[in-house]
Amino acid sequence: MRSLIDILELTTKELDELIAVAEDIIENPSKYSESCKGKKLATLFFEPSTRTRLSFEAAMYELGGNVLGFSEANSSSAAKGESVADTAKTISCYADIIAMRHPKEGAPLVASMNASIPVINAGDGGHNHPTQTLADLLTIKREKGSLSNYTIGFCGDLKFGRTVHSLIAALSRYENIKVVLISPEELKLPDYIKKDILVKNGIEFVETTDLDKVIGELDILYMTRVQRERFFNEADYIRLKDSYILTPKKMENAKPTLSVMHPLPRVNEISVAIDNDPRAAYFKQVLNGKYMRMALILKLLEVEVK
Ligand code: NCD
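Just so it is clear, the structure is predicted and the values come from calculations on it, not from any experiment. (Residues numbered from 1 in each chain as written. Predicted model: local features only at pLDDT ≥ 70, side-chain atom pairs only at ≥ 80, totals over all residues. Heavy atoms only, no water.)

Visitor: Even after reading the chapter, I still don't get the packing of aromatic side chains, so can you show me in this structure?
Guide: In this description, an aromatic ring pair is defined by two values, namely the gap between the centres and the angle between the planes. On inspection of all chains with the given rule, the structure shows five aromatic pairs. Relative to F231, the ring of F160 has its centre 5.6 Å away and its plane inclined at 55°; by these criteria the two rings are tilted. Here the residue F160 occupies a position in the loop between strand 5 (150–155) and helix 6 (162–171), and F231 occupies one in the loop between strand 8 (220–223) and helix 9 (234–240), the gap between them amounting to 71 residues. Take F160 and F231: they sit in the same class, and that class is buried. Consider the rings of F231 and Y237, whose centres lie 5.9 Å apart with planes at 75°: the pair is edge-to-face. (Phe/Tyr/Trp six-rings, centres within 6.5 Å; stacked < 30°, edge-to-face > 60°. Helix = DSSP H or I, 4+ residues; strand = E, 2+ residues; numbered from the N terminus. Buried < 20%, exposed > 50% of the residue type's maximum accessible area, 1.4 Å probe, protein only.)

Visitor: Help me understand the pattern of salt bridges in this model?
Guide: Opposite charge on two side chains makes pairing possible when the charged atoms of those side chains draw close. Considering all chains together, one arrives at 25 salt bridges under this definition. In this structure, K290 and E62 form a salt bridge, with 2.7 Å as the shortest nitrogen-oxygen distance. Here E62 lies in helix 2 (residues 51–62) and K290 lies in helix 11 (residues 282–300), a separation of 228 residues in the sequence. Since its relative accessible area comes to 33%, E62 is described here as partly exposed. Note that R239 is salt-bridged to E186, the shortest N-O span being 2.8 Å. One end of the pair, R239, is in helix 9; the other, E186, is in the loop between strand 6 (177–182) and helix 7 (191–199), and 53 residues separate them in sequence. The exposure class assigned to R239 is partly exposed, which follows from its relative accessible area of 48%. A single network of salt bridges, built from pairs that share partners, joins R2, E14 and K299. (Salt bridge = Lys/Arg side-chain N within 4 Å of Asp/Glu carboxyl O.)

Visitor: Explain the pairing of strand 3 (residues 97–102) here, please?
Guide: Regular strands have side chains that alternate between both faces of the sheet. Within strand 3, six of the six residues are buried, leaving the element largely enclosed by the surrounding structure. Alternating positions in strand 3 separate into two faces, I97, A99 and R101 on one and I98, M100 and H102 on the other, with burial throughout. In terms of strand pairing, strand 1 (residues 40–45) meets strand 3 through five bridges, oriented parallel. Directly across from F45, in strand 3, lies its bridge partner R101. Where strand 3 lies against strand 4 (residues 119–124), four bridges are found, and the strand directions are parallel. Looking at the pairing, I98 lines up with V119 of strand 4. For the handedness criterion, the β-α-β arrangement of strand 3, helix 4 (residues 107–114) and strand 4 is classed as right-handed. (Pairing = 2+ DSSP bridges. Right-handed = clockwise from strand over helix to strand, strands pointing away.)

Visitor: Mind showing me how you'd approach the packing of helix 3 (residues 84–91) against helix 4 here?
Guide: How two helices sit against one another is set out by the angle between their axes and by the gap between those axes. Here helix 3 crosses helix 4 at 50°, and the two axes come no closer than 8 Å. Put simply, helix 3 runs oblique to helix 4. Every pair of crossing elements has a handedness; the one defined by helix 3 and helix 4 is right-handed. When helix 3 is examined against helix 4, the residues V84, A85, A88 and K89 are found in contact with a partner set consisting of A107, V110, A111 and N114. Within the contact of helix 3 with helix 4, the residues separate by chemical class into six nonpolar, one polar and one charged. (Axes fitted to C-alpha atoms, helices over the stretch in contact; angles between N-to-C directions. Parallel < 35°, antiparallel > 145°, perpendicular 65-115°, else oblique. Left-handed = near helix turned anticlockwise from the far one by under 90°. Contact = heavy atoms within 4.5 Å. Nonpolar A, V, L, I, M, F, W, Y, C, P; charged D, E, K, R; others polar.)

Visitor: Help me understand the nonpolar core, please; the structure alone is not making it clear to me.
Guide: Nonpolar side chains in soluble globular proteins generally cluster together in the buried interior. Formed by 58 residues in total, the largest nonpolar core has its most connected members in L134, I140, I152, F154, I168 and L171. The element best represented in this core is helix 11, accounting for eight residues. Per-domain counts for this core show at least three residues from each of domain 1 (7–128 + 289–300) and domain 2 (130–286). In this view, I168 contacts F154, L181, L189, I193, I197 and L198; residues no more than four positions away in its chain are not counted. (Core = buried A, V, L, I, M, F, W, Y, C linked by side-chain atoms within 4.5 Å. Domains from an automatic or database assignment.)

Here you go:
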């Protein structure tokens with residue numbers, strides 16, 4: 001039995017297989033519509049979510065399975081002081097697989113060590129978010145035709161942005177990727193990711209505070225929200241929240257083939273005027289996330305679809 005806590009637990013071959021299954025689901029949805037019949041997914045969300053929780057639920061319904069769970073810590077026994085380990089043991093009696101989001105880094109790992117069913121990390125604090133990465137990889141593959149050979153810029157809150165951390169780790173598996181890190185000084189990518197992922201894998205990267213200066217070099221621009229809930233004080237958040245706002249004017253200097261990605265929710269960092277630009281890929285990412293979560297549920301439940 002396997003869980004998914006960190007994206008690097010999946011080999012490159014497995015990532016490519018998940019993408020292939022998701023693309024087959026897109027082509028032949030009816031083939032999969034009963035494949036998880038009788039199975040239950042528990043969504044244990046101790047932190048707010050729209051896309052991740054509902055796409056897991058939609059994914060399980062589209063596989064013919066059922067869903068149970070809670071969407072806030074206050075409506076679970078966590079409010080009474082129950083530990084993550086005990087919650088995981090309990091839910092193992094009711095469901096076949098868990099998707100868990102938690103504000104504490106490492107909580108889904110603790111759950112996986114105590115559950116007798118697979119646990120999927122649906123976001124742990126400012127750490128990791130492997131299933132958003134699956135959505136991002138399918139989007140890159142479909143937008144660019146390949147997961148290799150491009151320059152990707154990450155812009156915004158690279159310190160607390162867990163989707164950035166997981167995607168950078170996954171990209172280290174692919175060839176000839178250049179990374180441009182665009183953030184205010186205070187929100188730079190953590191050193192451990194630079195050292196353990198970028199430097200260790202020989203990935204070329206630069207750091208800058210200036211989006212305008214680099215936008216023309218990018219094939220993909222991955223925008224992020226400043227993660228208000230991870231700040232220790234509101235004044236810092238207010239000072240930094242509008243550091244980068246992507247506008248049609250800024251897009252004039254970008255390549256016509258650029259893909260603009262964003263894990264969403266967006267606050268101010270992408271002007272809504274860009275939504276109709278053919279380079280906007282962020283709502284496609286949402287749909288791709290559902291297909292990749294379907295592929296992942298099938299894999300972890302070891303369901304074979306012929
Ligand atoms: C992201 C998250 O929760 O980390 N959202 C998502 O799951 N798509 C990004 C964010 O909240 O900014």
